[in-house]
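Residues per chain, in single letters:
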Amino acid sequence: MKEDCRSTKPSLNQQPADSNQMCRTLEAVAVVDRHVDMSLKVVVPDNFSDEPNLIPPLNFAMVDNGIFRSGFPDSANFSFLQTLNLCSIICLCPEPYPEANTEFLKSNGIKLFQFGIESYKEPFVNIPEDTIREALRIVLDVRNHPILIHCNRGKHRTGCVVGCLRKLQRWCLSSVFDEYQRFAAAKARVSDQSAECLALHRNN
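Every chain is numbered independently, its residues counted from 1 as its sequence is written. pLDDT decides what is reported in this predicted model: residues at 70 or higher carry local features, side-chain atom pairs at 80 or more are listed and counted, and totals for whole chains, interfaces and linings draw on all residues regardless. Side-chain measures were taken over the full set of non-hydrogen atoms in the model, leaving aside hydrogen atoms and water.

Caption draft 1: Local environment of the environment of Lys155. For Lys155, the location among the structural elements is in the loop between β5 (147–150) and α5 (156–168). Note on contacts: a residue pair qualifies if any of its non-hydrogen atoms lie within 4.5 Å across the two residues. With near-sequence residues (within four places) excluded, Lys155 lies in contact with Asn59, Arg69, Tyr180, Phe183 and Ala184. Helix and strand labels come from DSSP, where a helix needs a run of H or I of at least four residues and a strand needs a run of E of at least two; each type is numbered from the N terminus.

Below, the structure is given as structure tokens:
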């Protein structure tokens, strides 16, 4: 015979020994009721399996309002990028942009600005000042926002551009390099030469 769980509820005239006891009693009833409800059928929408998987690119992060950074996005990241409503992308890799990515940009009305910067693990060293200056000009122009800055893995080249942006935002050098190292790698080292180069980029 099925037990009537309502018998555990206190009547209106019956006062519990204390308020804690009331809480415990009501909680027990809720558990029993929830167990009974589990026998109900769950209706799953027909298009449930068609929902896009929102996978951000490697090392993705928000830099500032309307400015994002990441590694090189691939087709698995396209659905996520669509949620950003990007207006522009800055690619810091010298290789030709992949056809699939180019088609994605065209179909979503996204402008591509590509700067061919060779990869160096030493931050802010051997990076053309004119290239950095032009990239920053594009980043600072709000007409290009929302904008994504990316290189291959979103570490060194992207970190350099973001680092120069931080100096324009008057961040101190220690904070700039702390952010750089968080994205580059735990073993990333910042030399005195890197600090001098960043100071020159800021002054120019």
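Caption draft 2: Quick peek at the packing of aromatic side chains. When two rings of Phe, Tyr or Trp (its six-membered ring) have centres within 6.5 Å they constitute a pair, described as stacked for plane angles under 30 degrees, edge-to-face for angles over 60, and tilted for the intermediate range. Throughout the structure, instances matching the rule amount to 4 aromatic pairs. Ring centres 4.9 Å apart and planes at 85 degrees place the aromatic pair Phe60 and Phe80 in the edge-to-face group. One end of the pair, Phe60, is in the loop between α1 (19–37) and β1 (61–64); the other, Phe80, is in helix α2 (residues 78–82), and 20 residues separate them in sequence. Residue class for Phe60 comes out partly exposed when judged on its relative accessible area of 25%. Geometrically, the ring pair formed by Phe78 and Phe104 is stacked, given 4.3 Å between the ring centres and 10 degrees between the ring planes. Residue Phe78 is found in helix α2, and its partner Phe104 is found in helix α3 (residues 99–107); the two are separated by 26 residues along the sequence. Assigned by exposure class, Phe78 and Phe104 land together as buried. By way of ring pairs, the aromatic residues Phe60, Phe68 and Phe80 are connected into one cluster. Exposure categories follow from relative accessible area, calculated using a 1.4 Å probe and restricted to protein chains: below 20% of the type maximum is buried, above 50% is exposed, and the middle band is partly exposed.

Caption draft 3: Looking closely at the pairing of strand β4 (residues 111–114). Relative to β4, strand β3 (residues 88–91) runs parallel, the two being bridged by 4 bridges. By the bridge assignment for β4, Ile90 is matched with Phe113. Assessed by its sense of winding, the connection that carries the chain from β3 through α3 to β4 is right-handed. Here, any two strands with at least 2 DSSP bridges between them count as paired. Throughout, right-handed denotes a crossover for which the path from the first strand over the helix to the second runs clockwise when the strands point away from the viewer.

Caption draft 4: Molecular detail of the pairing of β5. The alternating pattern of β5 places Ile147 and Ile149 on one face and Leu148 and His150 on the opposite face, and all of these are buried. Pairing of strand β2 (residues 67–70) with β5, which is carried by 4 bridges, proceeds in the parallel orientation. The residue of β5 that forms the bridge with Arg69 is Ile149. Examined bridge by bridge, β3 and β5 share 4 bridges and lie parallel to one another. Looking at the pairing, Ile89 lines up with Leu148 of β5.

Caption draft 5: Broad picture of unusual backbone geometry. Cis geometry is adopted by the peptide bond preceding Pro146, which originates at His145 and carries an omega value of -5 degrees. Turning to its location among the elements, Pro146 is positioned in the loop between α4 (129–140) and β5. With phi around 60 degrees, Asn59 is a residue other than glycine that occupies positive phi space. According to the relative accessible area criterion, Asn59 is partly exposed, its value standing at 23%. Positive phi, close to 55 degrees, is recorded for Asn85, a residue that is not glycine. Tracing the backbone through its elements, the reader meets Asn85 in the loop between α2 and β3. Residue Asn85 is classed as exposed on the basis of its relative accessible area of 60%.

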